[in-house]
Structures are given as structure tokens and as C-alpha cells.
Amino acid sequence: MSQKTPRNFFKPLAIGAPDPMRELPIRLERMIHFVPPHLDKVRAKVPQMATQADVVLANLEDAIPADAKDAARDGAIEMGKMVDWQGKGTGFWSRVNPLNSPWFQEDVSRLVLEAGEQLDVIMLPKVEGPWDIHFADQYVAQLEAKAGLKRPILFHAILETAQGMALVEEIALASPRMQGISLGPADLAADRKMKTTRVGGGHPYYRVVDDPNEDGSKRESAQQDPWHYTIARMVDACRMAGINAFYGPFGDIADSEACEQQFRNAFLLGCSGTWSLHPSQIEIAKRVFSPAPDEVKFARRILEAMPDGTGVAMLDGKMQDDATWKQAKVISDLADLVSEKDPELAKAYAAD
Ligand SMILES: CC(=O)SCCNC(=O)CCNC(=O)[C@H](O)C(C)(C)COP(=O)(O)OP(=O)(O)OC[C@H]1O[C@@H](n2cnc3c(N)ncnc32)[C@H](O)[C@@H]1OP(=O)(O)O
Ligand SMILES: O=CC(=O)O
Ligand SMILES: [Mg+2]
């Protein structure tokens, strides 16, 4: 037997560690905003970022130079103290270095021991299989016990290796700490030997061409989404495990239109949020990962038309039944969550 028994699955992994969560906290996580914590100028903006983003993440991994890893770790711990994260209702996360790096152990131990009260989620990069989650799970439990934490820290895995992709379902189910998974299109592209230098999004060479025209005129073609399969599989793995799926980074900061479309495709396929690498992407993510007022109003009409969620109804010529009631509930519940944080959208959702 390679799985824990059901009774053991929810037992703390170290004496004195907090009980694992049976249900994930319901939080609005439309964007995980990446902060390079070693840069004093950017770190100074964290209190402001905490009012704009749903989640602020101190990044210790890629994009942080090797000679700034210690400073980034110090900066991340300082970020924990800069804001009353739980009081504000903003998530405080950190992306640590990979398990095989010289920095992982100190990243995790210092974060849990010195910022464990504030830290909601540790993002684990380049997760290859459930064994990576099991190792980190045990290690964090020991540190939580040492720090006397009462609330368990959750894990978020990045899907950025071919092996991680092949084992995504096992990763999603590996521990009650699992909060979600993000697509890591840059590392995943490299590991798969995809021929691109981009961070997420489409590629002009990845397209389908119309059949030949009889008159020999130019054939139309359209770009396709190289991430469709990966995102759809990630969403299924996450939702099977009762955790959340996220898009990940979109590296062409200047191309806000392509960024918005890529985020929107992920939202429609089931993702809860994405990463924002630059302040301009926070607004894009907010727009995309909050349901549109028209959709919310129609969803609420469906719920009203079928108060107990069963039967059949017609609305504007469209058949509604138990299944569309469930779709409507997803949208309406998300709108309620958004409304708690965003008075403008709350008004738009309530307007006739
Ligand atoms: C594949 C992956 O792993 S993706 C994840 C790893 N990568 C990251 O985390 C990158 C995070 N983002 C960044 O480092 C930066 O946004 C960069 C390098 C991409 C661009 O930075 P810049 O060239 O300085 O951008 P730009 O000049 O447009 O910045 C405008 C302002 O926003 C600030 N800013 C830029 N990025 C951020 C950020 N992530 N958070 C807060 N403030 C930011 C800049 O400091 C600047 O402030 P100022 O007006 O007070 O000088
Ligand atoms: O870490 C993210 C990625 O795309 O790689
Ligand atoms: Mg990566």
C-alpha cells in the first residue's frame, strides 16, 4: 500500500504540530503578486501592494540572483511583519527554492520559525512527484511544532517539469497541506524541450491552417494555445483533490491584451487566479478573475428560477436544469466572495 490510511491522512506529522486542515479556507485569490524581497525600493511598497492584491508573495527562487538569496530571505521575513496580513484579509505567501538547491532548508526553516504566524502558503517550485510534497510536509511539521504554531501552513506546487506533469494527480492528493497548483510555463517549456523563449502565452508558429482554397488564394490560419492540454489536466487534478488551479506567469509585461486573453482562457477553464509579476498585471487579473456582472445576474436568475436546484426551467430561450444550477452557483458564490472585498463590483452585481 503506497497511500496513508484515511484515519492517518489528517494526523499531524510531528508531535506538537497543528492539526492539518480538513477544508481549505475560502479565500479570494485572483492574483498572487510576486515581490522581489531583496530590493528595498520594491519591499517598501508592500503595504500598498497588500491593499491592491489578493495575495502578496515573497519570491526567493528564480529571478533572485544567487548572491541575493540571503538578502531576499531576510526581506521575506521583514515582509511578514510589515502588514497585519490576516487582519487585512490579504494572503502572505513565499516561493522557496527547490528541494535540491542549497537554499531550500534555510528558506523553509527561517520562514516557518520567524514568519510562521503570518505565512499562509509556501510555494514549492519544480515539484517532481508526491515524494517532494511528503518530504516538505514532514519538515514543515517539525518546524511548526518548534515554533508552536497553531495554524498549519499550506503548500502550493508549481507544475514545471514533465515528470511533475505526468504525476500531477498524485501531487494534488499528496497532503492535506495542498492548497493548489500553478502552471509554470517557462520551466515546463524548457523541461519538455518545447522550442520557445517565452514565459506563457501563445506562439506565432503554433497554429492551424485552413484547407487549401480552390482558387489558390492565401489560406487563413490561426494561433492555437500551446497550454490548453496542460491547464485542462491541471484543473482536473486540482478539482478532483478539492484544491485550486492557477495560471502562472505571463512574461510579456508590455502585451496586456495577450496577457488578459491568456488569463481569461484559464479562468473559463476553471482556474481561480494567476500570478502578477508587475503592478500592471494586478488590474488585469482583477478584471478577469472576477465574474462579469452580466454573467452574475444571469446566474442569479437561474438560482431564483430553480430555488431547490432541481427540475427544469427556460430563461431567454435557454434550458436550465440541475447542472446549469450548479454552474450558476459557482459564479454566484464567486461574486459573493468578490463583493466582500470590492464595493464597486458588489454594486455592479446588485444593480438591475
Ligand atoms: C518564470 C518565473 O519564475 S516568473 C516569477 C519570477 N519573476 C518575478 O518575480 C519578476 C517580478 N517582477 C519584476 O521583477 C519586475 O516587474 C520586472 C523586472 C519584470 C520589471 O521591472 P521594471 O523594469 O522595474 O518595471 P517598471 O519600470 O515598469 O516598474 C514600474 C514601477 O513598478 C515597480 N515594480 C515593478 N515590478 C514590481 C513588483 N513585482 N512589485 C512591486 N512593484 C513593482 C517598479 O519598482 C517601478 O517603481 P517606481 O515607479 O517607483 O520606480
Ligand atoms: O516558475 C514559473 C515558470 O514558468 O517557470
Ligand atoms: Mg519556474
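Residues numbered from 1 in each chain as written. Chains lettered and ligands numbered in written order. Predicted model: local features only at pLDDT ≥ 70, side-chain atom pairs only at ≥ 80, totals over all residues. Heavy atoms only, no water.

(A) Highlighting the UniProt feature "binding site: Mg(2+)" (unreviewed entry) in the protein. In the numbering adopted here, UniProt assigns the feature "binding site: Mg(2+)" (unreviewed entry) to Glu160 and Asp187. Taken along the chain, the residues just named run across 28 residues; in space they keep tight, none of their C-alpha pairs more than 5.2 Å apart. Inspection of the secondary structure assignment puts Glu160 in the loop between strand S5 (154-159) and helix H8 (162-166). Its relative accessible area of 4% is what places Glu160 among the buried residues. (UniProt positions renumbered as here; feature names shortened; annotations may be inferred. Helix = DSSP H or I, 4+ residues; strand = E, 2+ residues; numbered from the N terminus. Buried < 20%, exposed > 50% of the residue type's maximum accessible area, 1.4 Å probe, protein only.)

(B) Region of interest: the site of ligand 2. What surrounds ligand 2 is the set Arg95, Glu160, Gly184, Pro185, Ala186, Asp187, Pro249 and Trp275. Side-chain polar atom of Arg95 to an oxygen atom of ligand 2: 3.0 Å apart, as the coordinates give it. Taking Asp187, its main chain carries an N or O atom lying 2.8 Å from an oxygen atom of ligand 2. Burial of ligand 2 by the surrounding chains reaches 94%, relative to a free accessible area of 190 Å². Considering each element in turn, the shell around ligand 2 owes the most residues, three residues, to helix H10 (residues 185-192). (Near = heavy atom within 4 Å. Polar contact = N/O pair within 3.5 Å; in protein donor to acceptor, adjacent residues only side chain to side chain. Areas by Shrake-Rupley, 256 points an atom, 1.4 Å probe, with all protein chains shown as cover.)

(C) Inspection of the sheet that holds strand S2 (residues 55-59) at higher detail. Read across the sheet, eight strands follow the order S9-S6-S5-S4-S3-S2-S1-S10 without closing on themselves; strand pairing throughout is parallel. The open sheet has two edge strands, strand S9 (244-246) and strand S10 (274-276), and neither has a second partner. Looking at each pair of strands side by side, their axes are set apart by 25° on average, direction ignored. Two strands pair when backbone bridges link them, and strand S3 (residues 91-95) and strand S4 (residues 121-124) are joined in this way by three bridges, in the parallel orientation. Its bridge partner being in S4, Arg95 is matched across the sheet by Met123. Relative to the sheet, helix H7 (residues 130-147) contacts S4, S5 and strand S6 (178-183), its axis offset from that of S5 by approximately 155°. (Pairing = 2+ DSSP bridges. Axes fitted to C-alpha atoms, helices over the stretch in contact; angles between N-to-C directions. Contact = heavy atoms within 4.5 Å.)

(D) Focus on the site of ligand 1. In the vicinity of ligand 1, 15 residues are found, and the nearest of them are Phe34, Lys41, Lys45, Leu277 and His278. Between ligand 1 and His33, the relevant distance is 2.9 Å, taken from a nitrogen atom to a side-chain nitrogen or oxygen of the residue. Burial of ligand 1 by the protein amounts to 58% of the accessible area it has alone, namely 960 Å². Contributions of two or more residues to the shell around ligand 1 are made by strand S1 (31-35) and helix H2 (40-43). Broken down by class, the residue content of the shell around ligand 1 amounts to eight nonpolar, three polar and four charged. (Nonpolar A, V, L, I, M, F, W, Y, C, P; charged D, E, K, R; others polar.)

(E) Structural detail: the pairing of S2. Along S2, five of the five residues are buried, which leaves the element largely enclosed by surrounding structure. Every second residue of S2 is oriented toward a common face, with Val55, Leu57 and Asn59 on one face and Val56 and Ala58 on the other, all of them buried. Across four bridges, the pairing between S1 and S2 is parallel. Looking across to S2, one finds that His33 is bridged to Val56. Two strands pair when backbone bridges link them, and S2 and S3 are joined in this way by five bridges, in the parallel orientation. Following the sheet pairing, Val56 is matched in S3 by Phe92.

(F) View of the pattern of salt bridges. Counted according to the given criterion, the structure contains 25 salt bridges. A salt bridge links Asp54 to Lys341, with the nearest nitrogen and oxygen atoms 3.3 Å apart. Linking Asp54 in the loop between helix H3 (46-52) and S2 with Lys341 in helix H15 (residues 322-341), this pair joins segments that are 287 residues apart in sequence. When its relative accessible area of 1% is taken as the criterion, Asp54 is described as buried. The partly exposed category is assigned to Lys341, whose relative accessible area is 32%. Note that Glu106 and Arg73 form a salt bridge whose closest N and O atoms lie 3.6 Å from each other. Of this pair, Glu106 sits in helix H6 (residues 104-115) while Arg73 sits in helix H4 (residues 69-82), and the two are 33 residues apart along the sequence. Assessed through its relative accessible area of 41%, Glu106 is described here as partly exposed. In this structure Arg73 comes out as buried when scored by relative accessible area, which is 2%. (Salt bridge = Lys/Arg side-chain N within 4 Å of Asp/Glu carboxyl O.)

(G) Spatial organisation of a nonpolar patch on the surface. There is a patch of nonpolar side chains on the surface, built from Val312, Met314 and Met319 and spanning about 340 Å² of accessible area. Topologically, Met319 is positioned in strand S12 (residues 318-321). Classification of Met319 as partly exposed rests on a relative accessible area of 46%. (Patch = residues over 30% accessible without salt bridge, like charges linked within 9 Å, V, L, I, M, F, W, Y side chains within 5 Å.)

(H) Representation of the packing of aromatic side chains. Inspection of every chain in the model, using the stated rule, returns 10 aromatic pairs. Measuring from ring centre to ring centre gives 4.4 Å for Phe34 and Trp275, while their planes differ by 25°; the resulting arrangement is stacked. Here Phe34, found in strand S1, pairs with Trp275, found in strand S10; they are 241 residues apart in sequence, far enough to count as distant. Judged on exposure class, the residue Phe34 and its partner Trp275 are both buried. Summarising the aromatic geometry, the rings of Trp85 and Phe92 are spaced 4.9 Å apart at their centres and angled 15° between planes, so their arrangement reads as stacked. Phe92 gets classed as buried once you look at its relative accessible area, which sits at 0%. Ring pairs connect the aromatic residues Tyr247, Phe263, Phe267 and Phe289, which therefore count as one cluster. Its end group placed over the ring of Phe155, Arg177 keeps NZ or CZ at 5.4 Å from the ring centre. For Lys318, the ring lying beneath its charged end belongs to Phe298, and the centroid distance is 5.8 Å. (Phe/Tyr/Trp six-rings, centres within 6.5 Å; stacked < 30°, edge-to-face > 60°. Lys NZ or Arg CZ within 6 Å of the ring centre and 35° of its normal.)

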